[in-house]
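# A closer look at the structure
Spelled out from the first residue to the last, the chains are:
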Amino acid sequence: MPTTRQLLSSAQVARFVAQGFLRLDGIVPRELNEEALGVFAAGLPPVPYGIPVPKAFPEGSFTRRLVELPAVAGALESLVGPDPTVDHHYVHTREPREGSAQPLHADALIDLRTDAFDVQLMYYPREVTADMGGTLIVPGSHLRRINESDTGRYQNLRGQTRLTCPAGTVILLHHGIWHGGRRNDSDTVRHMYKIRFNPTVPQVRLWDTADLNDPAVPEELGRTFPWYEPATGRLEIHNRIRLWRFLTADPDFDIEYWATRISNRPAQRSYA
């Protein structure tokens, strides 16, 4: 993946850490969106697990041109770094009036990493309207670990979002976020192309850190969401603090002294 300077800001990365996803609305050109429909109909070749992007997607291929769009490449570099590998890719298609929906789930089966994460790119070549269903996402759920479909019994959670977006929208998701494809009640086929990227470098200060001390950063990291419980919901903010400390290589970062007070271990003094 070529180097790009269209990196994310610290506030944008903090928003990703808090919400578990980042939207890039309508950034894919119309010609590429139109080409995508033919590519998806023909079928995409399989990709071996853990293969570098240049080997997974040859130069000039549809997918290579998609991930090398400056906004996409810059966001990916900011989150997983240069030269990520491809875990897998797949086109999810919902037929018109299909009558079924995916249960709420996370794609990361027993993934306990706290100092690294994969990024899943979801690309929508067509406009997604409300009656087309779209992808359901539960903001702020990505750091609450579940075993794949443990959440499948939940039908609705307060604050969930059901994606509607213009054609050419790309969403980048933390691998642990709770999501599910909704049923398509329209007369139009709905496509979503997913690619999962694995980092090959430590995910430390990969973005444009010029605004690292901007007040918007702790403001983003301190957000709460309607489905959070009054007590255990606070653990989500603590988990974000831990992740942000790793991403910034700043072991002292904190929000309202939350992490500092529980890690305070004064050295034992000798009274001899």
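In this report, we go over the structure that sits alongside the text. (Residues numbered from 1 in each chain as written. Predicted model: local features only at pLDDT ≥ 70, side-chain atom pairs only at ≥ 80, totals over all residues. Heavy atoms only, no water.)

### A look at the sheet that holds strand β9 (residues 190-198)
- With antiparallel pairing, the six strands of this open sheet are ordered in space as β1-β7-β4-β9-β3-β2. Strand pairing shows two members of the sheet lacking a second neighbour, β1 (21-24) and β2 (51-52), which therefore form its edges.
- Relative to β9, strand β4 (residues 119-124) runs antiparallel, the two being bridged by five bridges. Opposite Leu 121, over in β9, you have Ile 195 as the bridge partner.
- Along the sheet, helix α1 (residues 10-19) makes contact with β1, β4 and β7 (169-174), crossing β1 at roughly 125 degrees. (Pairing = 2+ DSSP bridges. Helix = DSSP H or I, 4+ residues; strand = E, 2+ residues; numbered from the N terminus. Contact = heavy atoms within 4.5 Å. Axes fitted to C-alpha atoms, helices over the stretch in contact; angles between N-to-C directions.)

### Some thoughts on the nonpolar core
- Within the largest apolar cluster, 50 residues are counted, with the highest numbers of intra-cluster contacts made by Tyr 123 and Trp 244.
- Grouped together as the second largest cluster of nonpolar side chains are twelve residues, Phe 21, Tyr 124, Val 128 and Ile 137 included. (Core = buried A, V, L, I, M, F, W, Y, C linked by side-chain atoms within 4.5 Å. Buried < 20%, exposed > 50% of the residue type's maximum accessible area, 1.4 Å probe, protein only.)

### Details of the pairing of β4
- Most of β4 sits inside the fold, with six of its six residues counted as buried.
- The alternating pattern of β4 places Val 119, Leu 121 and Tyr 123 on one face and Gln 120, Met 122 and Tyr 124 on the opposite face, and all of these are buried.
- By the bridge criterion, six bridges tie β4 to β7 in an arrangement that is antiparallel. Opposite Tyr 123, over in β7, you have Val 170 as the bridge partner.

### Section: the side chain of Ser 78
- Its place among the elements puts Ser 78 in helix α5 (residues 70-80).
- Judged by relative accessible area, Ser 78 falls into the buried class, the value being 2%.
- For Ser 78, the side chain forms a polar contact with the main-chain nitrogen of Leu 8, separated by 2.8 Å.
- For Ser 78, the residues in contact, after removing those within four places along its chain, are Leu 7, Leu 8, Leu 206 and Trp 207. (Polar contact = N/O pair within 3.5 Å; in protein donor to acceptor, adjacent residues only side chain to side chain.)

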